[in-house]
Structure formats: C-alpha cells, structure tokens
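Structural overview
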Amino acid sequence: MASSERSSGLGDSAAAGSGPPLTYLVEGMDCANCVRGVERMVAGLPGTSAVQTSFTRQTLSLALDESRTPRAVLEGNLRALGYVPSLRGTAGAATTPPQEHDHSGHAHAGHDHGHGEGHGHDHAAVPGQAWYAGTQGRLVLGSGALLALAWTFGFFEPALATWGYVAATLLGVWPLARRAWASARLGEPFSINMLVTVAALGALLIGEAPEGAVVVFFFAVGELLEGVAAGRARAGIQALAALTPRTALLLEGEGTREVPAASLGVGQTVQVRPGDRIPADGLILSGRSGVDDSPVTGESVPVFKAEGDAVYAGSINTDGVLTVRVERAAQDNTIARIIALVEEAESSRAPTARFIDRFSRVYTPAVVLVAALVATVPPLTLGADWNTWLYRGLALLLIGCPCALVLSVPAALTSAISAGTRRGLLVKGGAALEKLGSSRLVALDKTGTLTAGRPRVTDIAAFGAGRAEVLRLAAATESGSSHPLARAVLAAAAEEGLTLPTAQDAQAQAGRAVTATVEGRALSVGSPRHAAEQAQAAGQTLPAEVQAQIAAFEAQGRTAVVLQDGAVCLGVLALRDEPRPDARATLARLRALGVRPLMLTGDNARTAQAIANDLGLAAGDVRAELLPADKLRLITGLRDSHEGRAGVAMVGDGINDAPALAQADVGIAMGGGTDVALEAADAALLRGRLAGVAELIELSRAAMVNIRVNIALALGLKLVFLVTTLLGSTNLWMAILADTGATALVTANALRLLRWRPREDAVVAQPPMPAGTRLT
C-alpha cells in the first residue's frame, strides 16, 4: 500500500532533552514543492524530530531541542526563504485552519523551492484576499508602474527612461536576490531565484535595462497567477474546515445549553434543529429527518435517517429535530480526518513526480553550465561579439527555469485529488492515484461491496427443534456479533418478538462460526463447512436431509448458516443479501475500461455463482469459499501474475478485508466515513456507491493524461525557444515568457481537472449511504 509521506521522519531522533512539540503557520508554504524545501531545510538543523508538514493548512509541526537549535534560528531560516512563520502552539492543538489566523501586518513574501524545483513566489495566503492586497500583488503593481513610466519617458527624455528601467529591474529583482542568497547559504545554490537574478542583473550590465525590467515584471506576474491558481486548487479542501458549526445545543436534563462545538465530548447528547449543521459525528437517539451529507460524501441528495443511524459533523439536518449522541471528539470527526488524509495525499509523490524531482536536481545545474558555455565559448574560441553571446546565455538561463516542469505533476495531482474529494472519492496519495489508472485487475469482496451488506433471513429449516426455537437460539448465539449475517438473524428474531436468553463465553471464528453457551448448551452458528467439520470431529456426518436443504438454499443464491448443539444440527437458516443497484452496471463499466473484475467471497461456490450470474460475471471471475487469509494469498498471487503486473486493486468494506486491502497495489474501501474506509486503504468511496470504483479509475487516467500534456508543454516550449535563442531570434522578454507562459499553461491545464466529471452516460442510481461500519 502506498505510503502517505505526511510524517516525514526528518531530523534527528527525539532527544531526551527536546522541548514540547511546536506548530507554526508558515505563510506562503502552500504547495508540495514548498513543503519539500522546508523539510530539507529543517532536516539540516540539529535537534529536530517528528517533523510534519501540510501545505493545505500551511503548517509545520516539529519537536525542537532548543539547546541545539534555538527557535529563533528556525524562524530566521524560514523568513530567509521567503516564508512568514507564526507560532501556533503545540502540535496537538493546531487544529484551526489557516484562514482563521490573523494575517494583519504580515508581509506575504515569495519563496524558493530549492534544488531547481522552486520558484520564488508569493501565493495568496489569506483566502478571499484580493490579488493586489498581498506583497506579490503590490510588487507587480509597483514594478509595472515604473515600467510604464519609463516607457512613457522614452518618448521625450530617454535618459530618464533608462533610469526608470533600472529602478523597475532593481525593485523586482531585490526580493529574488535576497531569497537566492538565503537559499544558497542554506545549501541550495541552484534555484529559480538565482537564475532570474543573474539574468536580470546581467541585462543591466550589458546595457539592456528595458529587457531586465520586462523580465522581472513578467516573472512576478507569472508567480502571482500561479498563486491565484494554487489558492483555487486548495479552496475546496480548506472550506471543509469551516463546515462544522462553532456552537452546539447540549442537552442537559429537560433543557438545552449552547456550548462551543469543539468542547463536545464523547457520550454527550446534542439537539439538532431543522436547518442546523450537525456539530459532531454521532448516532441518532431519537428523531427522523433527511440529512444532507454532501460535505462528507459529495452526495447531493439528502438521505433519510432515523434512530440508530450515524450522522457526520458538518452535515445539514433538513426537516426534523434530531437527538444525537456524540461518538467522536471534534479533532477526530470525519471532516477533520478527511482533511488530514487529503493533506497526506497532497504531500505524497507519485512515481512520475519523484522522477521529475530527481531530474530537476540535475537539470538546473546543467542549464547554468550550458548557459555559461554559450556565453563564453564563442567569444573565446571564435572571436564572436561578447555582448551578443552574453545576451544569449542570459536568455538560456531564463528559458531553462524548471518552474513549469516541476509544477506539472503536483498541480495536476492536487487538482485531481480535490475534484475527487468533492465527489466522495478520497485518494490518499499521488502514488495510489497513478497506480489506479494502470491497474488491469480489480478484486471486489462480495458482502457489503458488491451486495448491499444488509442481508435478511428468508427461510428457516428446523431439524429436531421448532422453527421459532431455532431462530431464538441462533439469535442468542449471535447476540454479541456485529457481522451483517448476525444482525440479520437478530432482526428476524426481533420482528417475531422473541425473548432471547443470555449468551456466555461468546467467541467468533473469522469466516467460520460464532460460538456461545446458551442455557447450558454449547451452540454454534456457522458455515456449512464448519458444521461438517464439527460433525466429522464427533465421528459423524451431516444428515442427508440437512445437506440437501443446504444445497437447495445455495442453488437459489442464498447463504446458508447452520445452528448446531455440539455436533447435532438443530436447523439451517437461509439469508439473502441482494446485489447493490449499481453493481451490474459498474462491473460492465470496468470491463469497458479494460479492467477485469473478480468477485471474492467466503460463500460456497454454488451461492457465489448464483450471485455472479445476477451480476453478469463469468465463472472464471469468481473466487469462493475464501477465509480472510485466503483473500490475502489470492491478492499476492494476482500481483505476481502476468495480468496483475500492471496493478491489482482490491475493493472491500470491512475489518476482515484490511489485510487484502493492504496487500493490493491499491486498496479501495467502501463506506461512509468509517474508520476502516478512511484508514485501511489507499482510497475510499465515501458515498458508498460501487460506481465510485470505475470513477476512481477514470479520474486517475484523466490525471495522468493531464500530467503527460503538462510535461509535453513544459519541455516543448523550452525546446522551441532553445533553438530560437541559439539562432539569435529570442530576446530576454520572450525567454521569460517561455518560462512564465509554460507555467501559466501547465497551471491552467491542471486546473481543468477541478471541473472533472464522471462519464455522464455511465452514471447510475445512487442509493443512500450506509450508516456505520460493515464487517465481512
């Protein structure tokens, strides 16, 4: 399973004398490359440990031994790189999103990514702030005004015009030069800031002040546009943090009291009025209402919920009064965990991104070397004009800026992850997103994934006991289990008004049986295979009539479970779990995408094939009678097969699927924000719709196409301008357009993914999201 890389593990191991964990809001650190630049700087400081970074929240959390590195040194290094650090407190307390921080009085400086990855810039750190209100906006306006003024003076006072161009160049290049020096001092000599600074100052030295002024102006404009685009890509995720209401109505005795939602504790009870947002993850104790879960699942249609159903913080109660018991504290609610997981995803690099990262570390020094050779070799060896070739060398420096190249992958991945999250498709890393599109095998668990996970008892065959007695004893044995089949048996007993005796010494054998002592009898409710083994252990066999009844149920596509007293069969219960409404269409959609679906189930082969026939699956695409360990071995075998080399995805819904989900190249968990759905796999379908599996693959492929187009744009433009520069057809302002223009094109292309939609002709009906965790 892909590593999230959110906790970087950088710095020294925690020392005994290290201080409390610190959390900084780092304004300007708002993209994956920024994060890696900060991590590398922090890694070089002694006494740092437990480093965690997030560009979505723009935070840096770490433990710092101030006897080895004073806090002022860390903050000074961050400022030198162009960031504005603000101490927020301990890591555990840093839950407030950046938009709640008071930014007044801060200078929103640009910054450098280092290793040729970065480009000094200032993203808009304050959501909703006008572009011209930040430092970068003011820099663009100031240098632009000087440039326009100098151009105007050129018509009647050329000498003043020259000084105006010089002033515009120096104004624009000063912050770049300052950051380039800081970056070099901290071990990153080959930065974008350095390239642009050398080119702009070189233009002044060879008497091309107008060109230098235009260079820094266009560069500033490009960085401003990139900042605006980056803000748009993050806005949807950051907005999640504001969905949870600030206050809640806490029920106390016969009345209510308004309290901060963040103060709610597990076990407390709150009242949610119509139109209010639900303040915490919880369970409905009383009331019925339509609940708009779109903040969590992306599902636009309200879902009807009643007593016993789960609700999520930030969801909207549409029409009825609900009484809700709090199940999770504010820092652990579903929205908080989704935000944390998206942060992990945005910090995790896909293989393509890692390749670009390695390439850029060699690329930028190579550009500097080539530019130096172009500027010096022709004059020294061929007696060519120095000014001409120095000019071309400076142009090559600008053309060689790798901004667009290093942005091509993270910009697309961030946009794709944001687009997917808004539609209930949570992907927890760039590596997972990339692997999804290349996978050619998808293994899907049956119960709770291909089926609704809500089986019901359809028939009871009694042997040696009455029908009601079989149901009563089976329900008592299952009373301690949360398995879907157990819940179905208990529901059937409740419908018939049966009083259940107390079960003792209850135990569950995964995939086999539940055992308990009921009224002094050692009872078990298990699979037919388990029942046969019990009989065989007692030197017996299952009676022929019992075997015939089991075969009849299984031929009808029902799951048979056997109630036994020791080795004696008391009855057989038949349960049916209907396929999800969108299951057949989704499997057909996967095949249309060139992906082979496989069904995995613990049911016997007859029952499995009956369900498979309903879903349009061939016999060769069904794997039956699997225990959890068998699923794990099967996934391992599929990955080693020729067909599975491109990638194997596993889709499951419960705790028993976790080993197989982890073993697959990409694990996809079904569920509505449950622990398993959010933590056990690389991706989660928050709407609980099986169609999301095909949508994830479509999203992945759209993202990879976008990345390939971005890389082609970035390298293609540079190649064209490289040739024209060597031929003497490119001047400095055109060279900076090659970089800024490519960056703008790459960013705009990546932002197209924010408007991504699943194929309209493949959209199927969307059933209500299941409430609660399902186990298989």
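Refer to the structure presented above.
Residues numbered from 1 in each chain as written. Predicted model: local features only at pLDDT ≥ 70, side-chain atom pairs only at ≥ 80, totals over all residues. Heavy atoms only, no water.

1. Some remarks on the overall build of the chain
Helix and strand content of the chain: 24 helices and 26 strands. Within the chain, buried positions represent 56% of all 776 residues. As presented, the chain carries roughly 29,500 Å² of accessible surface, and 59% of it is formed by carbon and sulfur atoms. (Helix = DSSP H or I, 4+ residues; strand = E, 2+ residues; numbered from the N terminus. Buried < 20%, exposed > 50% of the residue type's maximum accessible area, 1.4 Å probe, protein only. Areas by Shrake-Rupley, 256 points an atom, 1.4 Å probe, with all protein chains shown as cover.)

2. Some remarks on the packing of aromatic side chains
Counted according to the given criterion, the structure contains zero aromatic pairs. Between Arg392 and the ring centre of Trp389, over which it is positioned, the NZ or CZ distance is 4.5 Å. (Phe/Tyr/Trp six-rings, centres within 6.5 Å; stacked < 30°, edge-to-face > 60°. Lys NZ or Arg CZ within 6 Å of the ring centre and 35° of its normal.)

3. Concerning the pattern of salt bridges
In total, this model carries 22 salt bridges according to the counting rule given. Note that Asp445 is salt-bridged to Lys631, the shortest N-O span being 2.7 Å. With Asp445 in strand 15 (residues 441-445) and Lys631 in helix 20 (residues 628-640), the pair connects residues that are 186 residues apart, well separated along the chain. The buried category is assigned to Asp445, whose relative accessible area is 2%. (Salt bridge = Lys/Arg side-chain N within 4 Å of Asp/Glu carboxyl O.)

4. Things to note about the nonpolar core
Buried together is how nonpolar side chains tend to be arranged in soluble globular proteins. The biggest cluster of nonpolar side chains holds 50 residues, and the ones touching the most others in it are Leu433, Val442, Met599, Leu615, Ile668, Val693 and Leu696. In terms of residue count, helix 23 (residues 691-726) provides more of this core than any other element does, 10 residues in total. Non-local contacts of Met599, meaning those with residues more than four positions away in its chain, are made with Leu444, Lys446, Leu450, Ala608, Ile611, Ala612, Leu615, Leu617, Asp621, Val622 and Arg623. Met194, Ala199, Leu398 and Phe721 belong to the second largest nonpolar core, which has 26 residues in total. (Core = buried A, V, L, I, M, F, W, Y, C linked by side-chain atoms within 4.5 Å. Contact = heavy atoms within 4.5 Å.)

5. Considering the pairing of strand 5 (residues 247-252)
As judged from the six bridges shared by strand 5 and strand 6 (residues 255-260), these two strands associate in the antiparallel manner. Its bridge partner lying in strand 6, Ala248 is registered against Val259. Counting the residues between successive antiparallel strands, the hairpin from strand 5 to strand 6 contains two residues, one of them, Gly253, with a positive phi of roughly 65 degrees. In the sheet, strand 5 pairs with strand 7 (residues 269-272) via two bridges, with the strands oriented antiparallel. By the bridge assignment, Leu250 is partnered in strand 7 with Val270. (Pairing = 2+ DSSP bridges.)

6. Quick word on the sheet that holds strand 6
The antiparallel open sheet is built from six strands, whose spatial order is 6-5-7-13-8-11. At either margin of the open sheet sits one strand with a lone partner, and together these are strand 6 and strand 11 (310-311).

7. What about unusual backbone geometry?
Residues other than glycine predominantly adopt negative phi, and peptide bonds predominantly adopt the trans conformation. You will see that Glu519, though not glycine, has its phi angle at about 55 degrees, which is positive. Mapped onto the secondary structure, Glu519 falls in the loop between strand 18 (513-518) and strand 19 (521-526). Phi at Glu625 is positive, roughly 55 degrees, even though this residue is not glycine. Locating Glu625 in the fold gives a position in the loop between strand 23 (622-623) and helix 20.

8. Considering helix 18 (residues 583-592)
Residues of helix 18 that are buried include every one of Ala583, Thr586, Leu587, Arg589 and Leu590, and no others. The buried residues of helix 18 occupy an angular sector of 160 degrees when projected down its axis, which confines them to one face. Close packing links the buried residues of helix 18 with strand 15, helix 13 (446-450), strand 22 (596-600), helix 19 (605-615) and helix 23. (Arc of directions from axis to C-beta.)

9. Describing the packing of helix 2 (residues 71-80) against helix 4 (residues 158-185)
Axis separation between helix 2 and helix 4 bottoms out at 9 Å; the angle between their running directions is 135 degrees. Between helix 2 and helix 4, the angle is such that the two are oblique. The residues of helix 4 that touch helix 2, namely those facing Asn77, Arg79 and Ala80, are Arg178, Arg179, Ala182 and Arg185. Tallied by class, the residues present in the contact of helix 2 with helix 4 amount to two nonpolar, one polar and four charged. (Axes fitted to C-alpha atoms, helices over the stretch in contact; angles between N-to-C directions. Parallel < 35°, antiparallel > 145°, perpendicular 65-115°, else oblique. Nonpolar A, V, L, I, M, F, W, Y, C, P; charged D, E, K, R; others polar.)

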